[in-house]
Structure formats: structure tokens, C-alpha cells
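Commentary on secondary and tertiary structure
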Amino acid sequence: MLPRGEPPMSFEEQRDRMVEEQLKARGLRDVRVLAAFRKVPRHLFVPSEFHHEAYADHPLPIGAGQTISQPYMVALMTSRLRLQGHERVLEIGTGSGYQTAILAELALDVISIERIPELLATVKQRLADLGYLNVQLLAGNGSLGSPNHAPFDAIIVTAAAPDVPEPLLEQLAEGGRMVLPIGSHEAQTLVEVTKRQGAITRTPITGCVFVPLLGDYGWPGP
Ligand code: SAH
């Protein structure tokens, strides 16, 4: 309960607090990433019954059995892409579109692929309402990437894969970075994959739990 007479915190104040207590306190320093988290209205990316929890330190349900990731996980993955503003980014697993909006703030353009059409329709409207013009949303199996839009300077997969999908490796630009959770259904390791002079390097970052990536190069789907 709030003390009597204390006004509730505005969403903007909640965002500032989220950045201080969840992101900066855990060592995230990229000023452009932190600015994007202060700006993007996360509460508009969750169902209205969860508005009051939108800035809390955990994932939330978004319908269709899917989740919007914990703010820290979105920020950690985003920072590892080391975006400067000129990049073409591929996102697999649009979900709520929150990560998509963060990427749209930080890169030149974003291609995001989602397999559940209902989620995609909601996100299309949401991102248009917020004025994001540098995002293309595609329906389908994202583990196949989007050869027509490749190569990508950065690739982010926000669903858990058994291994790095081969088509995504092929579509990663020279000097590019990919971040994705790899492991079983129950638990995964977040991994950064880089391509330099054609050589692929994998660096484990931390343990994590994501919903499964389904379809070819992912897990067998429904
Ligand atoms: N980044 C999202 C997290 C969404 S959860 C957010 O911030 O809200 C992961 C999403 O990946 C789900 O919406 C799920 O439907 C989608 N997904 C799973 N397998 C997929 C595939 N093969 N291609 C595209 N999307 C996929």
C-alpha cells in the first residue's frame, strides 16, 4: 500500500526507476540503450490488466501462451548487439513488439518475424500508433531468417533454440553479432555469436529461460 496522500508513480517515473534499479544497478552502461528504456512505454506492450506490473523485474504473459521478457533480459541482449544507429537488425519472435521498439530506437531498420499472426496484427497497430516507421513485421518461421533482407549487422532471437539456426548464421553480416538462448525447453544459455573474417565465435553470457522457438531449426511445433 502507498502511504496515504502519496501520489502514485507516473509511468515515466516507473521507467526511470526500472533503469536505475534493474539495469544500471546490474552493470548495464550503454547510454543509448538506457535512454531507449526510459523512452519506450512498456505498459502499452502488455495487456491492460498488467499495466501496474509493466515495469516490474519479471516477464509477463502477453496472450497466446507467450511472454514479454523481463526488462533486464531485453536490455542485456540489446547491449550485446552494440548498436550505433546505422545497422540493419533481424529479430525473431516479435511477441509483444517491446524488444522491436527498443531496437527501432537504436538501429537504422528492423525486420521482425513472428509465427503467431494474432500477435503480429496487434503489434502492427501498436508500433504504428507509436510512430515507428523503421520496422518491417513479417509472419512466418523466423529461424529461416529473411534472405531477401540479408545480410544483417545484428540478429536477436527471443525464443529458445536447440542450436544456432544455420540460415541465421548465413544471413549474419561480416563483423555482425547475434544473441540467442540455446539449450533445452527448461533452461538455456544466452549466447553471443560473432562472425569475423568468416570465423564464427560463440561466447556464453548467462543462464536464462525463454519460450521455445518452434519449427525447422527450432523445436517440433504444434
Ligand atoms: N521479444 C518478445 C518476446 C516474445 S516471446 C517480447 O519482447 O515481447 C517469443 C516469441 O517467439 C513468441 O511470440 C513466439 O510466438 C515466437 N516464436 C516462436 N517460434 C518462432 C519462430 N520459429 N518464428 C518466429 N517466431 C517464433
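This structure is a prediction, so every number in the text was calculated from the model and none was measured.

1. So, the overall build of the protein chain
The number of helices and strands found in the protein chain is 6 helices and 9 strands. The C-alpha atoms of the protein chain give a radius of gyration of 17 Å, which matches the 17 Å a tight globule of 222 residues would have. Based on the C-alpha atoms only, the size of the protein chain along its principal axes is roughly 60 × 35 × 35 Å. Taking the intrachain contacts of the protein chain between residues at least 6 apart in sequence as the baseline, contacts between residues at least 24 apart amount to 55%. When the accessible area of the protein chain is evaluated, it comes to approximately 10500 Å², of which 54% is carbon and sulfur surface. In the protein chain, 20 positive and 25 negative side-chain charges are present, and the distance between their average locations comes to 4 Å.

2. Observations concerning the site of the ligand
The local shell around the ligand holds 24 residues, among which Ser-96, Glu-114, Asn-141, Gly-142 and Leu-214 are the closest. Gly-93 has a polar backbone atom sitting 3.3 Å from a nitrogen atom of the ligand. Interatomic distance of 3.1 Å between a side-chain N/O atom of Thr-158 and a nitrogen atom of the ligand. With 3 residues, the top contributor of residues to the shell around the ligand is strand E2 (residues 66-68). A class-by-class count of the residues in the shell around the ligand yields 10 nonpolar, 11 polar and 3 charged.

3. Brief notes about the pairing of strand E5 (residues 135-139)
Taken together, the 5 bridges between strand E4 (residues 109-114) and E5 define a ladder with parallel strand orientation. Residue pairing in the sheet places Ser-112 in a bridge with Leu-137 of E5.

4. Observations concerning the packing of aromatic side chains
Given two aromatic rings, their pairing is described by the distance between the two centres and the angle made by the two planes. Going through the model one piece at a time under the given rule, you end up with 3 aromatic pairs. Each ring, one from Phe-11 and one from Tyr-55, has its centre 6.1 Å from the other, and the planes form 45°; the classification is tilted. Of this pair, Phe-11 sits in helix H1 (residues 11-23) while Tyr-55 sits in the loop between helix H2 (31-39) and strand E1 (60-63), and the two are 44 residues apart along the sequence. Tyr-55 gets classed as buried once you look at its relative accessible area, which sits at 6%. Taking the centre distance of 6.0 Å and the plane angle of 80° together, the rings of Phe-37 and Tyr-98 count as edge-to-face. Here Tyr-98 lies in helix H4 (residues 98-106) and Phe-37 lies in helix H2, a separation of 61 residues in the sequence.

5. With respect to the sheet that holds E4
Spatially, E5-E4-E3-E6-E7-E8-E9 is the arrangement adopted by the 7 strands of the open sheet, whose pairing is mixed. On the outer flanks of this sheet lie E5 and strand E9 (199-208), each paired with one strand and no other. Neighbour-to-neighbour, the strand axes of this sheet turn through a mean angle of 15°, independent of strand direction. Strand direction decides the pairing type here: strand E7 (residues 172-183) and strand E8 (residues 188-196), joined by 7 bridges, are antiparallel. In the strand pairing of E8, Leu-180 is matched with Val-191.

6. Thoughts on the packing of H2 against H4
One can describe the packing of H2 onto H4 by two numbers: an axis separation of 9 Å at closest approach and a directional angle of 130°. Relative to H4, the element H2 is oriented oblique. Once H2 is placed against H4, the crossing between them reads as right-handed. Residues Arg-32, Val-33, Ala-36, Phe-37 and Lys-39 of H2 form the contact with H4, whose participating residues are Tyr-98, Ile-102, Glu-105 and Leu-106. Tallied by class, the residues present in the contact of H2 with H4 amount to 6 nonpolar, no polar and 3 charged.

Cut-off values and rules
Residues numbered from 1 in each chain as written. Predicted model: local features only at pLDDT ≥ 70, side-chain atom pairs only at ≥ 80, totals over all residues. Heavy atoms only, no water. Helix = DSSP H or I, 4+ residues; strand = E, 2+ residues; numbered from the N terminus. Rg over C-alpha atoms; globule rule 2.2 N^0.38 Å. Contact = heavy atoms within 4.5 Å. Areas by Shrake-Rupley, 256 points an atom, 1.4 Å probe, with all protein chains shown as cover. Lys, Arg positive; Asp, Glu negative; His and termini not counted. Charge placed at Lys NZ, Arg CZ, Asp CG, Glu CD. Near = heavy atom within 4 Å. Polar contact = N/O pair within 3.5 Å; in protein donor to acceptor, adjacent residues only side chain to side chain. Nonpolar A, V, L, I, M, F, W, Y, C, P; charged D, E, K, R; others polar. Pairing = 2+ DSSP bridges. Phe/Tyr/Trp six-rings, centres within 6.5 Å; stacked < 30°, edge-to-face > 60°. Buried < 20%, exposed > 50% of the residue type's maximum accessible area, 1.4 Å probe, protein only. Axes fitted to C-alpha atoms, helices over the stretch in contact; angles between N-to-C directions. Parallel < 35°, antiparallel > 145°, perpendicular 65-115°, else oblique. Left-handed = near helix turned anticlockwise from the far one by under 90°.

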